[in-house]
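What the coordinates show
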Amino acid sequence: MRYFIFASVGILLLLTGCQPTKPRHLTPASHHLSTDTLLLTANCPLPTAHCQLPTFFSSSTFEKTLFKASMDVREHHLTGLMFIKKIRDPGSGIRDLSTGTAYSSVDAGVKYRIVFSNEFGMTYFDLEIGSDSLHIHYCFEPLNKNALWKILETDFRLLLTTEEVSGHMKSYIQDETNYLACRQKQGNIVRWDLYTCEGDTLVEVRGKSNLADQAHIAFNGYQQGFPSRIIIFNPFIKLNLSLSLLSIN
Amino acid sequence: MHKLILILILTLFSIGIANAQHKPLDAATIQRIKEGVSLAAKKTEAISSDFTQEKEMSILNDKIITSGKFYFKKERLLRWEYTHPFSYVIAIRGDVITIRDEGEVRSINTQTNKVFAEVNRIIIGSVRGTLLDDDNFRADYIQSNGHYTVSLSPISSALQESLSRIVIYFDKTDFTVDKLEMYEPAGDFTRITFSKKQLNQPLSDEIFHLR
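For the structure given in this document, a descriptive report is provided here. Computed from a predicted structure; not experimentally measured. (Residues numbered from 1 in each chain as written. Chains lettered and ligands numbered in written order. Predicted model: local features only at pLDDT ≥ 70, side-chain atom pairs only at ≥ 80, totals over all residues. Heavy atoms only, no water.)

**Quick look at the overall build of chain B**
Looking only at helices and strands, chain B features 4 helices and 11 strands. For chain B, with 211 residues in total, the buried portion stands at 55%. Long-range contacts, defined as pairs at least 24 residues apart, comprise 52% of the intrachain contacts of chain B with a sequence gap of at least 6. (Helix = DSSP H or I, 4+ residues; strand = E, 2+ residues; numbered from the N terminus. Buried < 20%, exposed > 50% of the residue type's maximum accessible area, 1.4 Å probe, protein only. Contact = heavy atoms within 4.5 Å.)

**Comments concerning the pairing of strand E3 (residues 77-84) of chain B**
Residue and element names in this part refer to chain B. For E3, the tally of buried residues reaches 6 of 8 residues, placing the bulk of the element in the interior. As paired elements, strand E2 (residues 62-73) and E3 share 7 bridges and run antiparallel to each other. Each residue of the ladder has a partner; that of Gly68, found in E3, is Tyr82. Here E2 folds back onto E3, and the loop between the two strands holds 3 residues. As paired elements, E3 and strand E4 (residues 88-93) share 6 bridges and run antiparallel to each other. (Pairing = 2+ DSSP bridges.)

**Concerning the side chain of A:Gln184**
Mapping A:Gln184 onto the fold places it in strand E8 (residues 180-186). A distance of 2.7 Å separates polar atoms of two side chains, one belonging to A:Gln184 and the other to A:Asp193. (Polar contact = N/O pair within 3.5 Å; in protein donor to acceptor, adjacent residues only side chain to side chain.)

**Brief notes about unusual backbone geometry**
Excluding glycine, residues mostly have negative phi values, and the peptide bonds linking residues are mostly trans. For the bond running from B:His84 to B:Pro85, omega is 5°, close enough to zero to count as cis. Topologically, B:Pro85 is positioned in the loop between E3 and E4. Residue A:Lys238 is not a glycine yet carries a positive backbone phi of 55°. As for its position among the elements, A:Lys238 is in the loop between strand E12 (226-234) and strand E13 (239-248).

**A look at the pattern of salt bridges**
Inspection of every chain in the model, using the stated rule, returns 24 salt bridges over all chains. A salt bridge links A:Asp126 to A:Arg113; its shortest N-O distance comes to 2.6 Å. Of this pair, A:Asp126 sits in strand E5 (residues 123-129) while A:Arg113 sits in strand E4 (residues 110-117), and the two are 13 residues apart along the sequence. An identical accessibility class is assigned to A:Asp126 and A:Arg113; each is buried. Between B:Asp178 and B:Lys197 there is a salt bridge; the shortest N-O distance is 2.5 Å. Remark: B:Lys197 occurs in strand E11 (residues 189-199) and B:Asp178 occurs in strand E10 (residues 177-183); sequence separation between them is 19 residues. We classify B:Lys197 as partly exposed; its relative accessible area is 27%. The network of salt bridges with common partners includes B:Glu54, B:Glu56, B:Lys63, B:Glu181 and B:Arg191. (Salt bridge = Lys/Arg side-chain N within 4 Å of Asp/Glu carboxyl O.)

**What about the interface of chain A and chain B?**
At the junction of the two partners, chain A supplies 26 residues and chain B supplies 29 residues. With both sides pooled, the region where chain A packs onto chain B buries about 2,600 Å², and carbon together with sulfur makes up 66% of that total. Looking only at chain A, the three residues that lose the most surface to chain B are A:Glu119, A:Phe120 and A:Met122, adding up to 30% of its buried area. At the junction of chain A and chain B, the tally comes to 3 salt bridges. Here A:Lys85 ties to B:Asp62 by a salt bridge, and the two come within 2.6 Å at their closest N and O atoms. Of the residues forming the side of chain A that touches chain B, the biggest block, 7 residues, is contributed by strand E3 (residues 76-88) of chain A. (Buried area = accessible area lost by both parts, 1.4 Å probe.)

**Side note on the packing of aromatic side chains**
Within the structure shown, the criterion is met by 19 aromatic pairs over all chains. Residues A:Phe120 and B:Trp80 carry aromatic rings whose centres are separated by 4.5 Å and whose planes lie at 35° to one another, so their mutual orientation is tilted. Here the residue A:Phe120 occupies a position in the loop between E4 and E5, and B:Trp80 occupies one in strand E3, the pair thus bridging two chains. Classification of A:Phe120 as buried rests on a relative accessible area of 0%. Look at B:Trp80 and you get buried, because its relative accessible area is 0%. Taken together, the ring pairs connect A:Phe120, B:Phe51, B:Trp80, B:Tyr82, B:Phe86 and B:Tyr88 into an aromatic cluster. Residue placement shows A:Lys68 over the ring face of B:Phe86; its charged tip is 5.3 Å from the ring centre. Over the face of the ring belonging to B:Tyr148 we find B:Lys172, whose NZ or CZ atom lies 5.3 Å from the ring centre. (Phe/Tyr/Trp six-rings, centres within 6.5 Å; stacked < 30°, edge-to-face > 60°. Lys NZ or Arg CZ within 6 Å of the ring centre and 35° of its normal.)

**A closer look at the layout of surface pockets**
The probe, sized like a water molecule, is rolled over the atoms to show the empty space still left. A volume near 240 Å³ is recorded for the largest pocket. Looking at the lining of the largest pocket residue by residue, the classes come out as 5 nonpolar, 7 polar and no charged. (1 Å grid on protein atoms, 1.4 Å probe; cavity = no way out; pocket = protein on both sides within 12 Å on 5 of 7 lines; lining within 4 Å. Points joined across faces, edges and corners; volume = space filled by probe spheres on them. Nonpolar A, V, L, I, M, F, W, Y, C, P; charged D, E, K, R; others polar.)

**Structural notes on the nonpolar core**
One finds A:Phe57, A:Met71, A:Met82, A:Phe125, A:Phe156 and A:Leu159 to be the most contacted residues of the largest nonpolar core, which totals 49 residues. Among the elements that line this core, the one with the most residues is helix H2 (residues 146-160) of chain A, at 8 residues. Beyond its immediate stretch of four places on either side in the chain, A:Leu159 contacts A:Phe57, A:Ile217, A:Phe219, A:Ile230, A:Ile232 and A:Leu243. Counting 45 residues, the second largest nonpolar core, distinct from the first, contains B:Met57, B:Tyr82, B:Leu159 and B:Ile166. (Core = buried A, V, L, I, M, F, W, Y, C linked by side-chain atoms within 4.5 Å.)

**With respect to the sheet that holds E10(B)**
Residues and elements named next belong to chain B. The 11 strands are arranged E6-E5-E4-E3-E2-E1-E11-E10-E9-E8-E7 in an open sheet whose pairing can be described as antiparallel. Pairing within the sheet leaves two strands with one partner each, and these edge strands are strand E6 (104-109) and strand E7 (137-144). Strand-to-strand twist of the sheet, defined as the mean angle between neighbouring strand axes without regard to direction, takes the value 15°. In the sheet, E7 pairs with strand E8 (residues 147-154) via 8 bridges, with the strands oriented antiparallel. The residue bridging Gln143 from the neighbouring strand is Tyr148, located in E8. (Axes fitted to C-alpha atoms, helices over the stretch in contact; angles between N-to-C directions.)

Written out as structure tokens, the structure reads:
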């Protein structure tokens with residue numbers, strides 16, 4: 001009986017947490033290329049469209065940003081401010097991805113510091129994430145769970161594009177939305193970036209490295225090329241992190 | 001989260017003490033401060049004030065600055081309203097704590113929530129001037145120009161995980177709080193400075209009701 005209960009709970013978790021990462025109703029684009037020079041022949045108003053990496057945070061002009069943030073995870077409802085700052089390693093330069101000349105991510109020397117605190121200034125967590133590193137400077141004890149950090153690490157890697165993206169990129173057109181969907185590997189993460197068909201506006205990022213850390217990130221309300229609202233959702237543990245832009249640079 | 005709110009709120013109502021890196025106070029002066037705090041608490045029916053909050057992140061050499069309005073009315077009404085750069089209000093009416101965040105209102109009853117019951121206990125203790133004798137903190141009294149300063153160090157290990165100390169700066173003339181600083185274990189700290197304080201001006205109960 002006990003095994004039956006365990007099995008049932010496991011199946012339930014799988015069913016409830018296992019939303020597909022791959023977008024539905026995709027039609028392969030005309031070419032599969034490994035660079036950003038992909039040309040699309042879909043029903044797009046523009047004659048060509050390019051798959052690009054999200055460059056909000058990895059752009060050379062990005063320095064720091066402040067979001068109003070709320071995070072719901074299990075019984076916790078946390079609200080406050082999230083501060084994200086790029087930290088440059090003096091020994092390395094930063095490639096300007098906004099020019100679209102390189103289909104790769106930030107240099108290994110670039111890291112991001114993320115501080116999430118409540119409205120009164122007390123810190124929930126303070127972390128530093130780089131291409132191959134995650135250092136948690138501080139975490140409020142009730143949140144300090146290894147499993148949670150595995151998930152948040154994937155979230156922030158997808159959001160900040162901290163790792164080199166390599167290998168073959170595959171591209172599709174989503175039938176119902178006409179979005180351009182780009183699939184690629186980022187370290188051990190399989191990520192999907194969905195753009196408007198013009199290829200110039202990132203709508204959503206999906207990705208996962210395993211079943212538990214799959215994430216959906218939605219970008220809305222662009223202001224001068226930067227999304228004013230970002231929503232990160234992890235279906236497996238029902239974690240929801242909402243960010244509303246307050247200031248940038 | 002609740003603990004952190006608790007810590008901040010309790011400091012707001014603490015009435016009375018000194019300025020670090022200056023001379024420690026003798027027992028007679030400490031007693032005088034405690035009495036001053038207690039007397040001020042008895043005489044204070046209402047407070048309204050502006051505040052500016054700065055979170056200093058030492059490693060990043062950056063500050064997050066927010067500001068808003070603060071209201072208190074005897075016996076147990078509090079409104080703490082952030083107006084810049086975002087809108088967020090926390091109001092306390094007796095045993096009920098209400099929060100309005102981005103237009104959404106939610107309430108917490110401290111009768112059924114131990115953490116907020118503790119918040120409430122400390123707030124009331126603070127308003128009555130008994131916080132300085134609270135067993136949960138070790139208080140060090142210091143004097144400086146213009147202020148009495150009290151440094152409150154949490155005794156419980158649970159509180160120490162999120163807070164290393166609270167420093168409260170009291171006006172020497174009326175024993176109201178001018179400024180407070182909350183130090184975190186990692187070295188960051190948050191400073192809240194009160195300005196345009198008005199004591200015992202009429203305040204409608206309505207401002208403590210969030211809908």
